[in-house]
Amino acid sequence: MSQSTVRGMDHIGITVPDIEQATAFFCAALGAEVIYTSVAPGDEVDQEAQQKTLRLTPGTQVKAVRMLKLHHGPGIELFEMHGDDQREPPRANDYGLQHFAVYVDDIEAAIKSFEQAGGAMFTGPKALSFPPERGDGNAFCYGRTPWGGIIEMITRPSPMPYEQNTALRRWQP
């Protein structure tokens, strides 16, 4: 695949138990805004087509779909689905997408918003300690959403040591 084929991340998709609760959480915790609702609660949905498209467990019902935007970065597409064979969100040691990170300017303020919105932090901010990432004020921490998903908050106000060895850079607003 050529470099010009993939331009960047468009959105991430998250299945949530209650789309209204999740929307309120992302808006309060991360400053997200609703762009549009693809499927509103109560809309008629071709459930068979959704099961084929998304490879859902038979009987799973898509109840609502909504696209949110953060100030910078990819969108967040929320799916409210219900089915008999649903599982809890993965833990960090499980295979597959285990968290996403949001860049924050003020990590303490971001933690406060996250917790006030109903999230729970695992720890307070910790210095980025891997050698390529170290720098004054460079920090991160993880938290859990009300339904169990994991979100990392990260801030990198200082240059990172890896930048001395390559022209490639991590995304930063």
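Residues numbered from 1 in each chain as written. Predicted model: local features only at pLDDT ≥ 70, side-chain atom pairs only at ≥ 80, totals over all residues. Heavy atoms only, no water.

Trainee: Quick question: what am I supposed to make of the overall build of the protein chain here?
Mentor: Counting its regular elements, the protein chain contains 3 helices and 9 strands. The secondary structure elements of the protein chain, listed N-terminal to C-terminal, are β-α-β-α-β-β-β-α-β-β-β-β. Projecting the C-alpha coordinates of the protein chain onto the three principal axes gives extents of approximately 55 × 45 × 30 Å. Of all 173 residues assigned to the protein chain, the portion counted as buried reaches 36%. Long-range contacts, defined as pairs at least 24 residues apart, comprise 57% of the intrachain contacts of the protein chain with a sequence gap of at least 6. The averaged location of the 22 negative side-chain charges in the protein chain is 7 Å from the averaged location of its 15 positive side-chain charges. (Helix = DSSP H or I, 4+ residues; strand = E, 2+ residues; numbered from the N terminus. Buried < 20%, exposed > 50% of the residue type's maximum accessible area, 1.4 Å probe, protein only. Contact = heavy atoms within 4.5 Å. Lys, Arg positive; Asp, Glu negative; His and termini not counted. Charge placed at Lys NZ, Arg CZ, Asp CG, Glu CD.)

Trainee: Whenever I open this one, the pairing of strand β9 (residues 150–155) confuses me. Can you help?
Mentor: On a regular strand, each side chain points to the face opposite its neighbour's, so the side chains alternate between the two faces of the sheet. Across the 6 residues of β9, 6 count as buried, placing the element largely inside the fold. Of the two faces of β9, the one carrying Ile 150, Glu 152 and Ile 154 and the one carrying Ile 151, Met 153 and Thr 155 are both buried. Across 4 bridges, the pairing between strand β5 (residues 100–103) and β9 is parallel. Looking at β9, one finds that Tyr 103 is bridged to Ile 154. (Pairing = 2+ DSSP bridges.)

Trainee: Is there a simple way to think about helix α3 (residues 107–116) in this case?
Mentor: Note: α-helices contain 3.6 residues per turn, so residues at a spacing of three or four share the same orientation. Every buried residue of α3 is listed here: Ile 107, Ala 110, Ile 111 and Phe 114. With its buried residues spanning 100 degrees around the axis, α3 presents them on a single face. For α3, the exposed residues set more than 90 degrees away from the buried face come down to Glu 108, Lys 112 and Gln 116. Of the surrounding secondary structure, the elements contacted by the buried residues of α3 are α1 (19–30), β6 (120–121), β8 (139–144) and β9. At the N-terminal end of α3, a side-chain oxygen is found 3.2 Å from the backbone nitrogen of Glu 108, two or three residues along, and the residue is Asp 106. A positive backbone phi angle near 110 degrees is found at Gly 118, which sits one or two residues after α3. (Arc of directions from axis to C-beta. Polar contact = N/O pair within 3.5 Å; in protein donor to acceptor, adjacent residues only side chain to side chain.)

Trainee: Can you help me understand the pairing of strand β1 (residues 11–16) in this one?
Mentor: The alternating pattern of β1 places Ile 12, Ile 14 and Val 16 on a buried face, while none of His 11, Gly 13 and Thr 15, on the opposite face, is buried. Note that β1 and strand β4 (residues 75–82) share 6 bridges and pair parallel. Note on β4: the bridge partner recorded for Ile 12 is Ile 76.

Trainee: Which parts of the structure should I look at to understand unusual backbone geometry?
Mentor: Trans is the prevailing form of peptide bonds, just as negative phi is the prevailing case for residues other than glycine. Phi angles above zero are rare outside glycine, and Arg 55 is one such case at about 55 degrees. What makes Arg 55 exposed here is its relative accessible area of 77%.

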